[in-house]
Amino acid sequence: MNLIPEPLAFELSSPGRVGVALPKCDVPATPVPAGLLRTELKLPELDELTVVRHFTRLSQKNFSIDTQFYPLGSCTMKYNPKANDAAAAQPGWKGAHPLVGDARNQGAIELVYRLQESLKAIGGFSAVSLQPAAGAHGELAGVFMIRAYHLARGQAGRVKMLIPDSAHGTNPASCTMAGLTTVTIPSDAEGGVDMEALRAACDDTVAGIMITNPSTLGLFERNIEAIARMVHDAGGLVYGDGANMNALTGILRPADVGIDVMHFNLHKTFSTPHGGGGPGVGMVGAAPALAEYLPGPLAVEKDGKFSMATPARSIGRMKAFYGNFAVLVRAYTYIRMLGEEGMKRLAESAVLNANYLKVRLEKHYEVKYPRRCMHEFVAMGDVAEGIRTLDIAKRMIDYGYHPPTIYFPLIVPEALMVEPTETESKETLDAFADAMIKIAEEAKSSPELLHSAPHLTPIGRLDEVAAARCPVLCYRG
Amino acid sequence: MSSIDKNARYRSSHEWVRKDGARIVAGISDHAQGALGDIVFVELPEVGKTLKQGEAFGVVESVKAASDVYMPMSGKVVAVNEALAGDPALVNKEPYAGGWFIAFEPTAPAEWEGLLTPEAYETEAGKE
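Residues numbered from 1 in each chain as written. Chains lettered and ligands numbered in written order. Predicted model: local features only at pLDDT ≥ 70, side-chain atom pairs only at ≥ 80, totals over all residues.

A look at the overall build of chain A
Part 1 of the argument: Scanning chain A for helices and strands turns up 14 helices and twelve strands.
Part 2 of the argument: The C-alpha atoms of chain A give 25 Å as radius of gyration, which agrees with the globular expectation for 477 residues (23 Å, within 12%).
Part 3 of the argument: In terms of its C-alpha atoms, chain A occupies a principal-axis envelope of roughly 75 × 70 × 45 Å.
Part 4 of the argument: Within chain A, buried positions represent 44% of all 477 residues. (Helix = DSSP H or I, 4+ residues; strand = E, 2+ residues; numbered from the N terminus. Rg over C-alpha atoms; globule rule 2.2 N^0.38 Å. Buried ≥ 20, exposed ≤ 12 C-beta atoms within 10 Å, placed from the backbone.)

Shown next as structure tokens:
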């Protein structure tokens, strides 16, 4: 990496310099009214080559899945196949416009329809909406659907959503946005949902439960069917957070174990870009009881003709037109490339890779819940006196790895959450494990090296408190 | 090793309370601030609000996470620590003194007896 810090475009500015030469004006000049002119903006004045170099250098400092291993837990930073992009770049897709109407958009709607069908098969759902643009957006849709379902049954008193303490923070946030209250369910000694606490919380005010399986600890929730039964018996519904679907594709259909409504992140499990490279799609799938509440419109087929139609009791639109259409093309391409057999191997390899890394690292980094993991595992970074997970994470940057998710889930102190995904080779996993073991040794032999890391970046250790408390977001030249 | 205030009582969710005349002062323990790391923001309730034991009364946000803070006892909030708005790091520096969160008038004073003694809390926090 180029270690010279990149100046801001403002700092490269030179008065009067321009990037384009406009042709002579061939119409009478009309002055801009003074009231519309702003002089305080101080926009940078740059030539084209300076601009090109500035942004190229910035892009070279960027950390991406195309350059380095990126084991960011719960985010599934898998390789995004270039074939996806090639498919989405075809002129027919690029030039499509939703306002020309269903009749002229048969190809695009057919693709939406086929993707819906594929995802229905993968999840065991009765129907699927591709509208939501992110995982949390899908959660919000699902919680609205659950609320609408209870209201339609005259059960306005069902306002309580049960959420395990290992859940993604977006779960309680989605409930709050939808006007529900949340009740935290503790984990048991094995990292699963505490069944006694769940039983105690199940009453006639329960709207449902939001469950992530595998959980954010990377563990399969063995009691999933009993949990669903308990909540159903209390009159509630089961929401599945599909962020960790990468462990299950082709192996387990969530609807088969009692999930009523669920989102998948196409930008995680189905290999479309995310982490700055999105946009995403947090599609929502529903079991029969909730299908008519899905956000619409959905693609439907009749006698070989495709059209968009909104379900009878739909919660409404979550996104304009067909959602993030170019992402849908990519996800569909990926699913067709892998096929049914590939979907299964995807999950198997993701789980195998995570367990391989776990076994190599658990002697050096304690794993709080040590049973066999699924697609990720949560270790702890306090490997030596005075060393915290943050220090380990910063040092990993020096070795060329994107740090894993840290300090999440909240129930593991000094958490370090590693998700290698299925797209990494054994060589990459071994190189990463070697580096992690070396860092654990450094933590004991030369802790200062970790406290002051990263060293091989244009800017070293940042003051995170100042960054959170007093960020400077505007140029102050 | 985290410190403990011998005059306070505790909850397993890491809040402390201390008697201050008729009022009760509350904050989070040294163990809690250490686990949270550098605190960047504390959200406190409005004065006059009445809350039940176990209800969330505020939020504490560190560079690592945001967590709810729960009422150790039922009561009516009579004062909040305004200094935390400008200097939330007080919670890290002096969790039992300058880093207090709220003062309240207890509505169920008997709840005090059900809270953890310093020794019991130390044992509980030590298990984590």
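Still to come is the rest of the account.
Section: the overall build of chain B
Part 1 of the argument: For chain B, the count of helices and strands is four helices and nine strands.
Part 2 of the argument: Seen in sequence order, chain B has helices and strands lined up from the N terminus as β-β-β-α-β-β-β-β-β-α-α-β-α.
Part 3 of the argument: Along the three orthogonal principal directions, the C-alpha set of chain B runs to about 35 × 35 × 20 Å.
Part 4 of the argument: Across the 128 residues of chain B, 41% fall into the buried class.
Part 5 of the argument: Taking contacts inside chain B between residues at least 6 apart in sequence as the whole, the part at least 24 apart equals 64%. (Contact = placed C-beta atoms within 7 Å.)

Description of the confidence of the model for chain B
Part 1 of the argument: The predicted model of chain B averages 93 in pLDDT, with 98% of residues at 70 or higher.
Part 2 of the argument: Taken over the whole predicted complex, pTM reads 0.89, whereas the ipTM for its chain interfaces reads 0.72. (pLDDT = per-residue confidence, 0-100.)

Some details on the interface of chain A and chain B
For an interface, size is often stated in terms of accessible area lost upon the parts coming together.
Part 1 of the argument: In this assembly, seven residues from chain A lie in contact with seven residues from chain B.
Part 2 of the argument: Considered class by class, the residues forming the side of chain A that touches chain B number five nonpolar, no polar and two charged. (Nonpolar A, V, L, I, M, F, W, Y, C, P; charged D, E, K, R; others polar.)

A few points about the sheet that holds strand S5 (residues 237-242) of chain A
All names here are of chain A.
Part 1 of the argument: Strand order in the open sheet formed by seven strands is S1-S7-S6-S5-S4-S2-S3, with mixed pairing between adjacent strands. Both edges of this open sheet fall to strand S1 (127-129) and strand S3 (181-185), since each of them pairs with a single strand only. Here the average twist between neighbouring strands, direction ignored, is 25 degrees.
Part 2 of the argument: The pairing of strand S2 (residues 160-164) with S3 spans five bridges and is classified as parallel. Among the inter-strand pairings, Met161 is bridged to a residue of S3, identified as Thr182. (Pairing = 2+ DSSP bridges. Axes fitted to C-alpha atoms, helices over the stretch in contact; angles between N-to-C directions.)

Observations concerning the sheet that holds strand S12 (residues 415-418) of chain A
All names here are of chain A.
Part 1 of the argument: Reading across the sheet, the three strands line up as S10-S12-S11 and stay open at both edges, with antiparallel pairing between neighbours. Sheet topology places strand S10 (377-380) and strand S11 (405-406) at the edges, where each strand pairs with a single neighbour.
Part 2 of the argument: Of the strand pairs in this sheet, S10 and S12 are connected by four bridges, and their pairing is antiparallel. Each residue of the ladder has a partner; that of Met380, found in S12, is Ala415.

A word on helix H8 (residues 224-233) of chain A
Residue and element names in this part refer to chain A.
Part 1 of the argument: For H8, every residue scored as buried is listed here: Ile224, Ile227, Ala228, Met230 and Val231. When H8 is viewed along its axis, its buried side chains cluster within an angular range of 160 degrees and face the same direction. Summarising the geometry of H8, the exposed residues directed more than 90 degrees from the buried face are Glu225 and Asp233.
Part 2 of the argument: Buried residues in H8 make contact with helix H7 (195-201), strand S4 (206-212) and S5.
Part 3 of the argument: Of the residues trailing H8, Gly235 is marked for its positive phi of about 90 degrees. (Arc of directions from axis to C-beta.)

Some words on the domain arrangement of chain A
Part 1 of the argument: Domain annotation for chain A reports domain 1 (9-61), domain 2 (83-338) and domain 3 (347-467).
Part 2 of the argument: If you average the C-alpha positions of domain 1 of chain A and of domain 2 of chain A, the two centres end up 45 Å apart. (Domains from an automatic or database assignment.)

Description of the packing of helix H5 (residues 135-152) of chain A against helix H6 (residues 170-177) of chain A
Residues and elements named next belong to chain A.
Part 1 of the argument: One way to put it is that H5 packs onto H6 with a least axis distance of 9 Å and a crossing angle of 45 degrees. The orientation of H5 with respect to H6, classified from their angle, is oblique. Like other packed secondary-structure pairs, H5 and H6 cross with a definite hand, here right-handed. Seen from H5, the contacting residues are Gly135, Ala136, Glu139, Leu140 and Val143; seen from H6, they are Thr170, Asn171, Ala173, Ser174, Cys175 and Met177.
Part 2 of the argument: Counted by class, the contact of H5 with H6 contains six nonpolar, four polar and one charged residues. (Parallel < 35°, antiparallel > 145°, perpendicular 65-115°, else oblique. Left-handed = near helix turned anticlockwise from the far one by under 90°.)

Looking at unusual backbone geometry
Trans is the prevailing form of peptide bonds, just as negative phi is the prevailing case for residues other than glycine.
All names here are of chain A.
Part 1 of the argument: The peptide bond linking Gly296 to Pro297 adopts the cis configuration, its omega dihedral lying at 0 degrees.
Part 2 of the argument: Mapped onto the elements, Pro297 comes out in the loop between helix H9 (288-291) and strand S8 (298-302).
Part 3 of the argument: Phi at Asp303 is positive, roughly 50 degrees, even though this residue is not glycine.
Part 4 of the argument: As for its placement among the helices and strands, Asp303 is situated in the loop between S8 and strand S9 (305-309).
Part 5 of the argument: Even without being a glycine, Tyr407 presents a positive backbone phi close to 60 degrees.
Part 6 of the argument: Structurally, the position occupied by Tyr407 is in the loop between S11 and S12.

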